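# Structure assessment
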Amino acid sequence: MKTTDDYNAKLDLWAREGRVYPLPKITNLPRFGSKKFSSYAEMNAWKKELLDTLARQGGVQWTK
């Protein structure tokens, strides 16, 4: 079986490599704490405002 056909091949390769790769981080994400919403409409309005804020900032910036 080819590696591309095996779903677990990526995990096997990672396990054999043994190296932990750093994940990118977002630098300019607005701070927000834990929130509770009484409805999906309220949550979606908050989420839309967050996305609008990110768009006004020019999007997120990823670092290594």
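It is worth spelling out the confidence of the model for the protein at this point. When pLDDT is averaged along the protein, the result is 86; 94% of the residues meet or exceed 70. Per-element mean pLDDT across the protein ranges from 81 in helix H1 (residues 9-17) up to 94 in helix H2 (residues 40-57).

Let us now look at the packing of aromatic side chains. Within the structure shown, the criterion is met by two aromatic pairs. When the centroid spacing of 5.3 Å and the interplanar angle of 75° are considered together, the rings of Phe32 and Trp46 count as edge-to-face. Of this pair, Phe32 sits in the loop between strand S1 (25-26) and H2 while Trp46 sits in helix H2; the two residues are 14 residues apart in sequence, bridging distant segments of the chain. Owing to a relative accessible area of 42%, Phe32 belongs among the partly exposed residues under this scheme. On the basis of an interplanar angle of 45° and a centroid distance of 5.6 Å, the ring pair of Phe37 and Trp46 is categorised as tilted.

Definitions and cut-offs
- Residues numbered from 1 in each chain as written.
- Predicted model: local features only at pLDDT ≥ 70, side-chain atom pairs only at ≥ 80, totals over all residues.
- Heavy atoms only, no water.
- pLDDT = per-residue confidence, 0-100.
- Helix = DSSP H or I, 4+ residues; strand = E, 2+ residues; numbered from the N terminus.
- Phe/Tyr/Trp six-rings, centres within 6.5 Å; stacked < 30°, edge-to-face > 60°.
- Buried < 20%, exposed > 50% of the residue type's maximum accessible area, 1.4 Å probe, protein only.

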